[in-house]
Amino acid sequence: MQLGTSLAGLGFVVAVVACGKGEDAGKGSDKETYQQAIVQVKEPVAVIAAYLAYLEPKALAGKYAPTRRPDFDRSATFAGNGIRHGANTARQKLQASSSPVLLALAEPFVAVTRACADLPGIEGSLKCKTAVQALDAALQDAAGKAAAAGVADPFPRVADSAISDAAKKEIAPLVRAMGSGKEELSFYGKLEDPAATAQTIVDACQAAEDEGTTNMKAVEKIDEEVRKVAAVHREMIKATCARVGRADKARAELDSCLQEKEKKKVLSKERDEECRLICSGGKAAIEEGLPAAAFAKIPEFYKELCEKNAALTK
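Residues numbered from 1 in each chain as written. Predicted model: local features only at pLDDT ≥ 70, side-chain atom pairs only at ≥ 80, totals over all residues. Heavy atoms only, no water.

Asks: Which residues make up the packing of helix α9 (residues 269-288) against helix α10 (residues 298-307), and what values go with them?
Replies: Angle between the axes and distance between the axes: these two values describe a pair of packed helices. It is the contact of α9 with α10, at a shortest axis distance of 10 Å, that shows an interaxial angle of 145°. Our pair here, α9 against α10, has a crossing hand that is left-handed. On α10, the residues that touch C279, G282, K283 and I286 of α9 are I298, P299, Y302, L305 and C306. Among the residues forming the contact of α9 with α10, the class breakdown is seven nonpolar, one polar and one charged. (Axes fitted to C-alpha atoms, helices over the stretch in contact; angles between N-to-C directions. Helix = DSSP H or I, 4+ residues; strand = E, 2+ residues; numbered from the N terminus. Left-handed = near helix turned anticlockwise from the far one by under 90°. Contact = heavy atoms within 4.5 Å. Nonpolar A, V, L, I, M, F, W, Y, C, P; charged D, E, K, R; others polar.)

Structure, rendered in structure tokens:
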């Protein structure tokens, strides 16, 4: 009876020890699994984070900054496909495992691949962004579980801090295609400067357009889609320069008519007819919206010449 009791007690001890080892082994297994997950998703998450800024590009600040940005739609489509590619890379790595932890983590990446492919406009961008936000929430949850399992390394999150040098290199063609180089930034700054002359604005816009052409040629051999982004961006600048040109023409012609009217008092019939047309051009420029501080006097010129001299607007 004592022997049986002893054997029973020994069995209990062995069971407890075995159970304890099993728990430790389980924790160790989870730790290794999460460490593996960190390695597998770190670079894909870096790529997703890098492209995210171009999914919804920020509009330029400033009263005279261009607001018509068709290049934003093209950028969003390209960025969405880049995000999808990064998510698909992570999905493939995670689904190659038989671990329930890794397979579960693959699901939000799968959702991103579905939501971000060939985005059809603003609604598509929002759908993609929502999927990326859900992915980041899943990564946050995984980070908590990894820490509980004893993992010391930080779990990747979709944030600027996650963007690696490799990810920066991957998005470099898109960054260049979307401009914001030295000449373009200088041009945008001059738009807001009341001390900048009209000719300075015209010259700066041409320099920005030339820079856009250079960027387009630089990326065209890299990828056809990124070339399209650069082409649309260059056309946006070109359209802005055309608007600047119209405003400059209206300013110069209104000023010329006004000075001549003040000097001669009465214009010749031919010149009177020309100035009437110029008043129409000035009105059109005002209605279109002045593209730079340098053209702020156009309404003043128009009022003095065309409204006070009502005959010119008949």
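Asks: Please set out the pattern of salt bridges residue by residue, giving values where relevant.
Replies: Applying the stated criterion across every chain, the model contains 14 salt bridges. Salt-bridge contacts for R69 lead to D71; the nearest nitrogen and oxygen are separated by 2.8 Å. You'll find R69 and D71 in the same group, each marked buried. A salt bridge links R271 to E274, with the shortest nitrogen-to-oxygen separation between them at 2.9 Å. Residue R271 and its partner E274 are located together in helix α9, separated by three residues, close to a single helical turn. (Salt bridge = Lys/Arg side-chain N within 4 Å of Asp/Glu carboxyl O. Buried < 20%, exposed > 50% of the residue type's maximum accessible area, 1.4 Å probe, protein only.)

Asks: Tell me what's going on with the state of the cysteines, and back it up with residues and numbers.
Replies: Under the definition given, this model contains four disulfides. A disulfide bridge connects C257 with C275, and the sulfur atoms are separated by 2.1 Å. Given an S-S torsion of about -95°, the disulfide between C257 and C275 has left-handed geometry. Within this pair, whereas C257 is found in helix α8 (residues 224-264), its partner C275 is found in helix α9, the two being separated by 18 residues in sequence. Looking at C257, the relative accessible area reads 0%, which means it is buried. Given a relative accessible area of 0%, C275 falls into the buried group. The disulfide that involves C279 links it to C306, with 2.0 Å between the sulfurs. Linking C279 and C306, the disulfide has an S-S dihedral of approximately -90° and is accordingly described as left-handed. (Disulfide = S-S within 2.5 Å.)

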